[in-house]
Amino acid sequence: WRRERGSALLLTLLLTVLGAIICGLCVDAASLLWVRSHAQTTVNLAAQSIHLELGRNPAATPAYLEETARATAAWNGIRHGTDGATVSLEPQEKGSRLTVRREAGVYFLRMFHPDPIPVYARAELRAAPPSREGL
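Note that this is a predicted model, so its numbers are computed, not measured. (Residues numbered from 1 in each chain as written. Predicted model: local features only at pLDDT ≥ 70, side-chain atom pairs only at ≥ 80, totals over all residues. Heavy atoms only, no water.)

A. Highlighting the pattern of salt bridges. In the structure shown here, the tally under the stated rule is six salt bridges. Between glutamate 53 and arginine 56 there is a salt bridge, with the nearest N and O atoms lying 2.5 Å from each other. One end of the pair, glutamate 53, and the other, arginine 56, are both in helix 1 (residues 7-56), three residues apart, so they sit about a helical turn from each other. The exposure class of glutamate 53 is buried, given its relative accessible area of 8%. On the basis of relative accessibility, which here comes to 58%, the residue arginine 56 falls in the exposed class. Glutamate 66 is the partner of arginine 70 in a salt bridge, and the nearest nitrogen-oxygen pair spans 3.5 Å. Here glutamate 66 and arginine 70 lie together in helix 2 (residues 62-75), a separation of four residues that amounts to about one turn. Judged by relative accessible area, glutamate 66 falls into the buried class, the value being 18%. Salt bridges sharing partners connect three or more residues here, namely Glu66, Glu67 and Arg70. (Salt bridge = Lys/Arg side-chain N within 4 Å of Asp/Glu carboxyl O. Helix = DSSP H or I, 4+ residues; strand = E, 2+ residues; numbered from the N terminus. Buried < 20%, exposed > 50% of the residue type's maximum accessible area, 1.4 Å probe, protein only.)

In structure tokens:
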């Protein structure tokens with residue numbers, strides 16, 4: 001009987017620490033998912049704005065289109081060059097790729113990974129003749 005004395009306290013302490021770790025990882029996972037979802041929404045909006053701009057101005061330069069995407073992303077809360085966020089337009093074989101990179105702050109994962117975790121969202125822009133349907 002004496003050897004088992006205090007084992008409930010030890011087990012409770014162990015389970016409390018384990019529960020706190022699991023709750024912390026859940027908070028960080030939800031934070032990462034929210035940042036990823038926000039970045040994907042932003043890249044989709046920026047891709048749509050590029051598509052609309054190409055419909056209005058088919059001779060737009062890639063630099064102008066990239067600035068259009070950055071302005072749209074800024075309206076959605078992701079400003080290029082601040083807080084580790086970048087918005088870039090890269091030419092591809094059959095169009096372009098729009099990429100939004102944002103650093104996600106984590107709270108409990110800092111024990112294992114002290115740097116902010118980069119989150120990427122991408123959208124492919126196909127080279128298609130601009131149309132004025134629906135405008």
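B. Region of interest: the confidence of the model for the chain. Of all residues in the chain, 90% attain a pLDDT of 70 or more, and the chain-wide mean is 88. Across the chain, the secondary-structure element scoring lowest on mean pLDDT is strand 1 (residues 86-92), at 91, and the one scoring highest is helix 2, at 94. (pLDDT = per-residue confidence, 0-100.)

C. A look at the side chain of serine 49. Take serine 49: it is sitting in helix 1. Setting aside chain neighbours within four positions, we find serine 49 in contact with Thr68, Ala69 and Thr72. (Contact = heavy atoms within 4.5 Å.)

D. Main features of a nonpolar patch on the surface. A contiguous nonpolar surface patch, about 470 Å² in accessible area, is contributed by Leu10, Leu13, Val17, Ile21 and Leu25. Along the chain, valine 17 falls in helix 1. Overall, valine 17 belongs to the partly exposed group, its relative accessible area being 43%. (Patch = residues over 30% accessible without salt bridge, like charges linked within 9 Å, V, L, I, M, F, W, Y side chains within 5 Å. Areas by Shrake-Rupley, 256 points an atom, 1.4 Å probe, with all protein chains shown as cover.)

E. A look at the sheet that holds strand 3 (residues 117-126). Strand order in the open sheet made by the three strands is 1-2-3, with antiparallel pairing throughout. Unpaired on one side and paired on the other, strand 1 and strand 3 mark the two borders of the sheet. Adjacent strand axes in the sheet meet at a mean angle of 20°, parallel and antiparallel pairs treated alike. Bridge count between strand 1 and strand 2 (residues 95-104): seven bridges; the pairing is antiparallel. Each residue of the ladder has a partner; that of valine 87, found in strand 2, is valine 100. (Pairing = 2+ DSSP bridges. Axes fitted to C-alpha atoms, helices over the stretch in contact; angles between N-to-C directions.)

F. View of the side chain of threonine 99. Looking at the secondary structure, you find threonine 99 in strand 2. Each residue touching threonine 99, except ones within four places of it in the same chain, is listed here: Val43, Thr86, Val87, Ser88, Glu90, Tyr120, Ala121 and Arg122.

G. Molecular detail of the pairing of strand 2. Where strand 1 folds back onto strand 2 in an antiparallel hairpin, the turn is made up of two residues. Judged from the 10 bridges that link them, strand 2 and strand 3 form a sheet pairing that is antiparallel. Each residue of the ladder has a partner; that of arginine 97, found in strand 3, is glutamate 124.

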